[in-house]
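Reading the structure
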Amino acid sequence: MSNEFSIKFKVVLLGQSAVGKTSICIRFCQNEFELNQEPTIGAAFQNCLLDLGEKKVTLQIWDTAGQERYNSLTSMYYRGAKGAIIIYDVTNPDSYESAKDWVKEIRQQGSSSVKVILVANKIDLTNHSVQKTEVLKYCEKHNLLFSEVSAKNGLGVDELFYDLATDMTNQY
Ligand code: GDP
Ligand code: MG
């Protein structure tokens, strides 16, 4: 049997409530859906197979069950994650501040090799109120990948997961 999909990475979706974590996950994944019954995590993950040419990887993509709304998302959720997708809503500056808090937390508490991509979602909307130049500076300073997407029309969503997967596999 071929083991071409044998590299598997846990990837977590993080960000303030309503930024579009679940929408991005649904937009990208059409695969199996498993609900983790561990009550302290209360999250769901889906496995998605990505073909990166020479390398094939399985992303185990974790979405929250909404605990971020009550600030009750614990470090259990991102334990073992090799990738973190930290999302903000381009129309909501508060969600960008929250995203930066998540970057800090994952860098302090997460795995030392975790790859982080900061994602600006809802770019289909016209009332952008987070300055992209400021975000780009922040990403450069903190060594983060950056991606602009719309879960609503699908723009940029595939690229976001492929960019992150490529970055994660480069060290293997
Ligand atoms: P979560 O709480 O982070 O999981 O956010 P959801 O995926 O539940 O989305 C919150 C709300 O934002 C829902 O009403 C979505 O329809 C909406 N939403 C998510 N992504 C987009 C997007 O790219 N564009 C627009 N216009 N709305 C979006
Ligand atoms: Mg959600």
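Read on for a plain summary of the structure. Quick caveat, the model's predicted, so the values are computed rather than measured.

Parameters and conventions
Residues numbered from 1 in each chain as written. Chains lettered and ligands numbered in written order. Predicted model: local features only at pLDDT ≥ 70, side-chain atom pairs only at ≥ 80, totals over all residues. Heavy atoms only, no water. Buried < 20%, exposed > 50% of the residue type's maximum accessible area, 1.4 Å probe, protein only. Helix = DSSP H or I, 4+ residues; strand = E, 2+ residues; numbered from the N terminus. Pairing = 2+ DSSP bridges. Near = heavy atom within 4 Å. Polar contact = N/O pair within 3.5 Å; in protein donor to acceptor, adjacent residues only side chain to side chain. Nonpolar A, V, L, I, M, F, W, Y, C, P; charged D, E, K, R; others polar. Phe/Tyr/Trp six-rings, centres within 6.5 Å; stacked < 30°, edge-to-face > 60°. Lys NZ or Arg CZ within 6 Å of the ring centre and 35° of its normal.

**Let's talk about the pairing of strand 4 (residues 56-63)**
Here strand 4 lies mainly inside the structure; eight of its eight residues are buried. Burial along strand 4 is two-sided: Lys56, Thr58, Gln60 and Trp62 facing one way and Val57, Leu59, Ile61 and Asp63 facing the other are all buried. Here strand 1 (residues 7-14) pairs with strand 4 via six bridges, running parallel. By the bridge assignment for strand 4, lysine 10 is matched with glutamine 60. Two strands pair when backbone bridges link them, and strand 3 (residues 44-51) and strand 4 are joined in this way by eight bridges, in the antiparallel orientation. Within strand 4, the residue paired with leucine 49 across the bridge is threonine 58. Following strand 3, the chain reverses through four residues before pairing antiparallel with strand 4; glycine 53 in that reversal takes a positive phi of roughly 90°.

**A word on the site of ligand 1**
Within the structure, ligand 1 sits among 16 residues, and Ala18, Lys21, Ser23, Asp124 and Ala151 are positioned closest to it. Here an oxygen atom of ligand 1 sits 2.7 Å away from a polar atom, N or O, in the side chain of lysine 21. With three residues, helix 1 (residues 21-28) is the largest single contributor of residues to the shell around ligand 1. Grouping the constituent residues of the shell around ligand 1 by class yields four nonpolar, seven polar and five charged.

**Considerations on the packing of aromatic side chains**
A full pass over the atoms with the stated rule returns four aromatic pairs. Taking the centre distance of 6.3 Å and the plane angle of 80° together, the rings of tyrosine 96 and tyrosine 138 count as edge-to-face. Residue tyrosine 96 is found in helix 3 (residues 93-109), and its partner tyrosine 138 is found in helix 4 (residues 132-142); the two are separated by 42 residues along the sequence. A relative accessible area of 4% places tyrosine 96 in the buried class. Members of the aromatic cluster, each reached through a chain of ring pairs, are Tyr88, Tyr96 and Tyr138. Above the face of the tryptophan 62 ring, lysine 10 is positioned so that its terminal group lies 4.4 Å from the ring centre. In this structure, lysine 100 packs its charged tip against the face of tyrosine 138, placed 5.6 Å from the ring centre.

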